[in-house]
Amino acid sequence: MSGFERFNKILNLFSEKRSSLTVAEISEELKIPSSTIYRTVREMVLADFLESAAGSYFRLGQAFIKFNRIINLSDPLIQAGEPFLEKLANENPIPSTNILARLFGDKVMCISDFKYPSFKNNTSYQKGRLMPLLYGATSRAIIMQIKGKRLYDILNLEGLKDNKQQEIFIRGLDKDRKKGFCKTQGQVDRGLIGFAISINNKKLGIEASLSSIFNSSDYRPEHEPTIYANLSSYVILIERYINKIFFEIEAYHNNDLNKD
């Protein structure tokens, strides 16, 4: 196992429910000798990826706060999309939580959100939390961008291995593509209904979605045209700004090449 793989495996042991670990616990989890884990943990502490907690425990370090700031200020999707989330919430016909999410490996991750003050419920889509790809409008609007062998590989990874089930799921995605948006109710959170539209930029490798989530008790069918129109308008603006950012990045690197 390479040093990076060991670093990665250690970091992925930490979670909301398990925020601190000892060298012995890490060693037991990874089946790696304690002496090796101790050396690796020491290197990670020196790089601020881990820090000492109470007793012999270690927790995630301050480096993640630094990198979180950098990504919030530099990620093209966050830059382009985050400023519109509050505007979308204010224009929706009923109180909503609005989510900007993207593909993260074989999962979906919320990277930014805005909750209208009178929307009281919490959604499972929270910043930094990994979510399944197959369920919920937020996720479906991302997976509907994926086709061919890559899609079948993801379905198999997510446990949808039966050919008939796969065909039914893909037919559902095709219907969503024709409609131009995804709509699901209660698939992820009971009592909530979600609408989502795909966001993509192949040049920057972005496969994402913009979604609005409502309380089912607030929603009426006559709200749908307004919700769809709002999401569509803001997705157009977000994709336009992502393109602008791409050209700015391209120009910056071209200038650097010309200087050389």
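What you see is a predicted model, and the numbers here were worked out from it, not measured in a lab.

Conventions adopted
- Residues numbered from 1 in each chain as written.
- Predicted model: local features only at pLDDT ≥ 70, side-chain atom pairs only at ≥ 80, totals over all residues.
- Heavy atoms only, no water.
- Pairing = 2+ DSSP bridges.
- Helix = DSSP H or I, 4+ residues; strand = E, 2+ residues; numbered from the N terminus.
- Axes fitted to C-alpha atoms, helices over the stretch in contact; angles between N-to-C directions.
- Buried < 20%, exposed > 50% of the residue type's maximum accessible area, 1.4 Å probe, protein only.
- Contact = heavy atoms within 4.5 Å.
- Core = buried A, V, L, I, M, F, W, Y, C linked by side-chain atoms within 4.5 Å.
- Parallel < 35°, antiparallel > 145°, perpendicular 65-115°, else oblique.
- Left-handed = near helix turned anticlockwise from the far one by under 90°.
- Patch = residues over 30% accessible without salt bridge, like charges linked within 9 Å, V, L, I, M, F, W, Y side chains within 5 Å.
- Areas by Shrake-Rupley, 256 points an atom, 1.4 Å probe, with all protein chains shown as cover.
- Salt bridge = Lys/Arg side-chain N within 4 Å of Asp/Glu carboxyl O.
- Lys, Arg positive; Asp, Glu negative; His and termini not counted.
- Charge placed at Lys NZ, Arg CZ, Asp CG, Glu CD.

Enquirer: Got a sec to walk through the sheet that holds strand S1 (residues 20–22)? Specific residues and values, please.
Expert: Backbone hydrogen bonds are what pair the strands of a sheet, in a parallel or an antiparallel way. Taken in spatial order, the three strands of this open sheet run S1-S3-S2, and their pairing is antiparallel. Each having just a single partner strand, S1 and strand S2 (50–52) make up the two edges of the open sheet. Across the sheet, the mean angle separating the axes of adjacent strands is 40° when strand polarity is ignored. By the bridge criterion, three bridges tie S2 to strand S3 (residues 57–60) in an arrangement that is antiparallel. Within S3, the position partnered with Glu 51 by the bridge is Arg 59.

Enquirer: Go over the pairing of strand S8 (residues 192–201) with me, naming the residues and quoting the values.
Expert: Taken across its ten residues, S8 has nine buried, putting it largely inside the fold. The sheet contact formed by strand S7 (residues 182–185) and S8 spans four bridges and is antiparallel. Bridging across to S8, Thr 184 finds its partner in Gly 194. The hairpin turn running from S7 into S8, its antiparallel successor, is six residues long, and Gly 186 in that turn takes a positive phi close to 70°. In this sheet, strand S9 (residues 206–215) lies alongside S8 in antiparallel orientation, the contact comprising ten bridges. Counted as the bridge partner of Leu 192 is Asn 215 from S9. What sits between S8 and S9 in their antiparallel hairpin is a turn of four residues, with Gly 205 showing a positive phi close to 65°.

Enquirer: Just give me the short version of the environment of Leu 133, but keep the residues and values in it.
Expert: The topology assignment puts Leu 133 in the loop between strand S6 (130–131) and helix H6 (137–143). Remark: the alpha-carbon pair of Leu 133 and Ser 34, spanning 99 residues in sequence, is separated by 36 Å. The contacts of Leu 133, once residues within four sequence positions are left out, are Leu 103, Asp 106, Lys 107, Val 108, Ser 139, Arg 140, Ile 142, Ile 143, Ile 154 and Glu 158.

Enquirer: Can you explain the nonpolar core? Please cite residues and give values.
Expert: The biggest cluster of nonpolar side chains holds 27 residues, and the ones touching the most others in it are Leu 133, Leu 134, Ile 143, Leu 151, Leu 155 and Phe 169. Mapped onto this core, the elements with two or more residues apiece are strand S4 (96–104), strand S5 (107–115), H6, helix H7 (148–157), helix H8 (163–179) and S8. Broken down by element, the residue count for this core peaks at four residues, all from H6. Excluding anything up to four places from it in sequence, Leu 151 contacts Ile 143, Ile 146, Ile 170 and Leu 173. By size, the runner-up hydrophobic cluster in this structure holds 26 residues, among which are Phe 195, Ile 199, Ile 206 and Phe 214.

Enquirer: Got a sec to walk through the packing of H7 against H8? Specific residues and values, please.
Expert: Between H7 and H8, the least distance of the axes is 11 Å, while the angle of their chain directions is 125°. Of the possible angle classes, the one that applies to H7 and H8 is oblique. The two elements H7 and H8 cross, and the hand of that crossing is right-handed. The residues of H8 that touch H7, namely those facing Leu 151, Tyr 152, Leu 155 and Asn 156, are Gln 166, Phe 169, Ile 170 and Leu 173.

Enquirer: Go over a positive patch on the surface, please, and point to the residues and values.
Expert: A cluster of basic residues, Lys 164, Arg 171, Lys 175 and Lys 178, forms a positive patch on the protein surface. Structurally, Lys 178 is set in helix H8.

Enquirer: Pulling in residues and values, what's your account of the sheet that holds S8?
Expert: The six strands are arranged S6-S5-S4-S9-S8-S7 in an open sheet whose pairing can be described as antiparallel. Strands with a single pairing partner mark the edges of an open sheet, and in this sheet they are S6 and S7. Judged from the two bridges that link them, S5 and S6 form a sheet pairing that is antiparallel. Bridging from a neighbouring strand, Val 108 pairs with Met 131 of S6. Lying over the sheet, helix H5 (residues 76–91) contacts S4, S5, S8 and S9, oriented at roughly 160° with respect to S4.

Read these as spatial facts, not as claims about activity.
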